[in-house]
Amino acid sequence: MIYPEPLSNHSTNDQISKLVFDCTWQILTTINSYNQHHSNEEYIETVIISGLGTGYGKVPFDVCARSMITAIIIFTTAGLSVIEKSLRCLDYLEKPQFY
C-alpha cells in the first residue's frame, strides 16, 4: 500500500481479522521484549491500543475487537507454554473466532 486506503476494499473479514491479530500480537511482543531489557523505572505497565484500522481503514468494529481481544487473551494467559500459545494462535488464524 503506497498510501492509506480502506482495508475492506481488498480484503475479506477473515483476512482483515488475521491482520489485526498479527498487529496486536506484534505490539504485545515488542512491549514484552522492551520490558525484559529495561529496569523497573522504565517498565511499561499499561498500554492503550485504539481499534486498529477502524478509522480510515474501515475495519468493522466487531472484527477488530474480536481479533485484538483474542490476541491479548492468548498472549497474557498465564500457565500456557510457548507451544500452547502458538497452537492457539494457529487455530485462531486458521479460522478466526473469539476465544
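Anything mentioned here points back to the structure above.
So, here is what we can say about the structure in this document. (Residues numbered from 1 in each chain as written. Predicted model: local features only at pLDDT ≥ 70, side-chain atom pairs only at ≥ 80, totals over all residues. Heavy atoms only, no water.)

Observations regarding the side chain of T70
Link 1 in the chain: Position of T70 relative to the elements: it lies in helix α2 (residues 61-76).
Link 2 in the chain: From its side chain, T70 meets the backbone oxygen of R66 in a polar contact 2.7 Å long. (Helix = DSSP H or I, 4+ residues; strand = E, 2+ residues; numbered from the N terminus. Polar contact = N/O pair within 3.5 Å; in protein donor to acceptor, adjacent residues only side chain to side chain.)

Description of the nonpolar core
Link 1 in the chain: L7, I16, V20, V59, V63, C64 and M68 form the largest nonpolar core, which has seven residues in total.
Link 2 in the chain: Residue assignment for this core shows that the elements contributing at least two residues are α1 (13-36) and α2.
Link 3 in the chain: Among the elements that line this core, the one with the most residues is α2, at three residues.
Link 4 in the chain: Sequence-distant contacts of V63, defined by excluding residues within four places in its chain, comprise N13, I16 and S17.
Link 5 in the chain: One finds F21, A71, C89 and Y92 within the second-largest nonpolar core, a separate group that totals five residues. (Core = buried A, V, L, I, M, F, W, Y, C linked by side-chain atoms within 4.5 Å. Buried < 20%, exposed > 50% of the residue type's maximum accessible area, 1.4 Å probe, protein only. Contact = heavy atoms within 4.5 Å.)

Examining the environment of Y56
Link 1 in the chain: Of note, Y56 is situated in the loop between α1 and α2.
Link 2 in the chain: Judged by relative accessible area, which is 56%, Y56 ranks as exposed.
Link 3 in the chain: For Y56 and L93, which are 37 residues apart along the polypeptide, the C-alpha to C-alpha distance reads 24 Å.
Link 4 in the chain: Residues contacting Y56, with those up to four places away along its chain left out, are P4, E5 and P6.

With respect to the packing of aromatic side chains
Link 1 in the chain: By the definition in use, this model includes three aromatic pairs.
Link 2 in the chain: Ring centres of F21 and W25 lie 6.0 Å apart, and the angle between their planes is 15°; on these two criteria the pair is classed as stacked. One end of the pair is F21 and the other is W25, both in helix α1 and four residues apart, which spans about a single turn.
Link 3 in the chain: Residue class for F21 comes out buried when judged on its relative accessible area of 1%.
Link 4 in the chain: A network of ring pairs unites the aromatic residues F21, W25, F75 and Y92 as a single cluster.
Link 5 in the chain: Above the plane of the ring of F75 lies K85, whose end atom (NZ or CZ) is 5.7 Å from the centre. (Phe/Tyr/Trp six-rings, centres within 6.5 Å; stacked < 30°, edge-to-face > 60°. Lys NZ or Arg CZ within 6 Å of the ring centre and 35° of its normal.)

Considering a nonpolar patch on the surface
Link 1 in the chain: On the surface, I83, L87 and L90 cluster together into a nonpolar patch covering about 340 Å² of accessible area.
Link 2 in the chain: Inspection of the secondary structure puts L87 in helix α3 (residues 82-94). (Patch = residues over 30% accessible without salt bridge, like charges linked within 9 Å, V, L, I, M, F, W, Y side chains within 5 Å. Areas by Shrake-Rupley, 256 points an atom, 1.4 Å probe, with all protein chains shown as cover. Salt bridge = Lys/Arg side-chain N within 4 Å of Asp/Glu carboxyl O.)

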